[in-house]
Amino acid sequence: MESHAHGLWFVVVSLVAALLLSISPLSGDWAWARPDFVLLTLVYWLLALPERVGVFVSWLCGITLDILQGVVLGQNAFALAVIAYMIQVSYQRLRMFSLRKQAAFISLLELFHILVDQWAQNINGVAQTHWLVFIPIVTTGILWLFLRPTIAWFQRMFAVY
Amino acid sequence: MAPVRTQLSLVAAPFYWVVDVPSRMVSEFNDTLSSRRELMADNERLRAESLILNAKLQKYIELRAENVRLRELMNSAERLNDTVVVAEVVAVASDPNRHQLVVDKGSRDGAFVGQPVIDATGLLGQIIEVGILQSRVLLITDSAHALPVRVSRNGLRAIAEGTGLIDELTLTHVAATTDIQVGDLLVSSGLGGRFPGGYPVGEVTDVSIDPGQPFAEVRARPMAQLDRSRNVLLVFSEQKSEE
């Protein structure tokens, strides 16, 4: 079973799309509410294809995000790799969760991601932490409710496994 | 780490290119669909503008010659001419906490770290990271940015710090008795050697003096259109470009 991969190009396409969405310009205050598209897409594939998408893919996405955002190299890579590990050890349980429970769990992961970001930036002396940086916790959680069925539909359509 | 980043920024270039597609399409769409009448109106306006600017330039040439003469009289060095290169903004930082732009000129075009960036109305920021094709600009309003300025009315020197708000700068350590007023124009002073002197930086919008505080609280609005400029200018001062 393991060797018969099919449609993995869609995993790559979805991750690239998530990276693009995370740097696309948003006007003014909306930028504060930008959901963490990369985290959501990664979590989906970590849950759906744990034998294909793991810590390394997450790390790769993170380092790309670092380059795109021009932040400390390894900041997102570290956060996403740790998140991937957390999911790898618990995906069997997480899959059983209801959609809403999963959303709540992803909000916690996003909180972790934000804290690592802020920590790295403050060490670097870049930005002062403003409470608005925590808004993505809510928007990321909410978006999961819509994103999981959407990607699942695409996964069925392109027979990704 | 810097050379690694320079190489890695090649990975980023296609991403920025794709993200920029919608805005390029919109501007192309507008260009194609603008009517003949609009184009004629535009043309007329630009002609008038060009005429006015040319008239001003005549005066400027005269003034420049006079300035050089006076400087010679005073035995001070002649000011160097700055040359500029137009760059296009291809991306803005996705994190609203960081005031940064990505422009489409890199080390291939001679851009260098620390290079001043201006737009048509004032000083915009400086380059902090150079890739091969693109470079990253730190805006003067970023909370990590500060630059030396002087008040053009009386030559008073101060430091303008970014606040993290796109339309605000603060002047730090301005004594409460200082002669500074709302409406004063701040220009770059050239001290520190990073920015060439004389470029407009901001306009003082608020001076509040609290007798209990040792310093006045002075706020200014940046002259450059930090959140609107699509085209920016990279400044090559003659003495800096070999850095």
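The coordinates are above.
Notes on the structure follow. (Residues numbered from 1 in each chain as written. Chains lettered and ligands numbered in written order. Predicted model: local features only at pLDDT ≥ 70, side-chain atom pairs only at ≥ 80, totals over all residues.)

Assigned secondary structure in chain A consists of six helices and zero strands. Start at the N end of chain A and walk to the C end: the helices and strands fall as α-α-α-α-α-α. Along the three orthogonal principal directions, the C-alpha set of chain A runs to about 50 × 30 × 30 Å. A burial count over chain A gives 36% of its 161 residues as buried. Look at the contacts in chain A between residues 6 or more apart in sequence, and 71% of them connect residues 24 or more apart. (Helix = DSSP H or I, 4+ residues; strand = E, 2+ residues; numbered from the N terminus. Buried ≥ 20, exposed ≤ 12 C-beta atoms within 10 Å, placed from the backbone. Contact = placed C-beta atoms within 7 Å.)

Listed per partner, the contact involves 22 residues of chain B and 21 residues of chain A. Among the elements of the structure, helix 1 (2-33) and strand 1 (82-92) of chain B are those that each provide at least two residues to the side of chain B that touches chain A. When residues in the side of chain B that touches chain A are grouped by element, the largest group, seven residues, is from helix 1 of chain B. Here the residues of the side of chain B that touches chain A are counted per class, giving 12 nonpolar, six polar and four charged. (Nonpolar A, V, L, I, M, F, W, Y, C, P; charged D, E, K, R; others polar.)

The next thing to look at is unusual backbone geometry. Only a minority of non-glycine residues have a phi that is not negative, and only a minority of peptide bonds are not trans. Despite not being glycine, Ala159 of chain A has its phi angle at roughly 50°, a positive value. Secondary-structure assignment places Ala159 of chain A in the segment after helix 6 (135-157).

All names here are of chain B. Spatially, the six strands close up into a barrel ordered 1-2-5-4-3-12, and their pairing is antiparallel. On average, each strand axis in the sheet is tilted by 45° relative to the strand beside it, whichever way the strands run. As paired strands, strand 4 (residues 123-130) and strand 5 (residues 135-139) are joined by five bridges and run antiparallel to one another. Paired with Ile127 across the bridge in strand 5 is Val137. (Pairing = 2+ DSSP bridges. Axes fitted to C-alpha atoms, helices over the stretch in contact; angles between N-to-C directions.)

All names here are of chain A. At a closest axis distance of 9 Å, the pairing of helix 2 (residues 37-48) and helix 4 (residues 75-96) adopts a crossing angle of 45°. Regarding the angle of helix 2 to helix 4, the classification is oblique. For the element pair helix 2 and helix 4, the recorded crossing hand is right-handed. Judged by residue contacts, Leu39, Leu42, Val43, Leu46 and Leu47 of helix 2 engage Leu80, Ile83, Ala84, Ile87, Gln88, Tyr91, Leu94 and Arg95 from helix 4. For the contact of helix 2 with helix 4, the residue count by class is 11 nonpolar, one polar and one charged. (Parallel < 35°, antiparallel > 145°, perpendicular 65-115°, else oblique. Left-handed = near helix turned anticlockwise from the far one by under 90°.)

Attention now goes to the sheet that holds strand 10 (residues 200-208) of chain B. With antiparallel pairing, the six strands of this closed barrel are ordered in space as 6-7-8-11-10-9 (chain B). Going across the sheet, the axis of each strand differs from the next one's by a mean of 40°, ignoring polarity.

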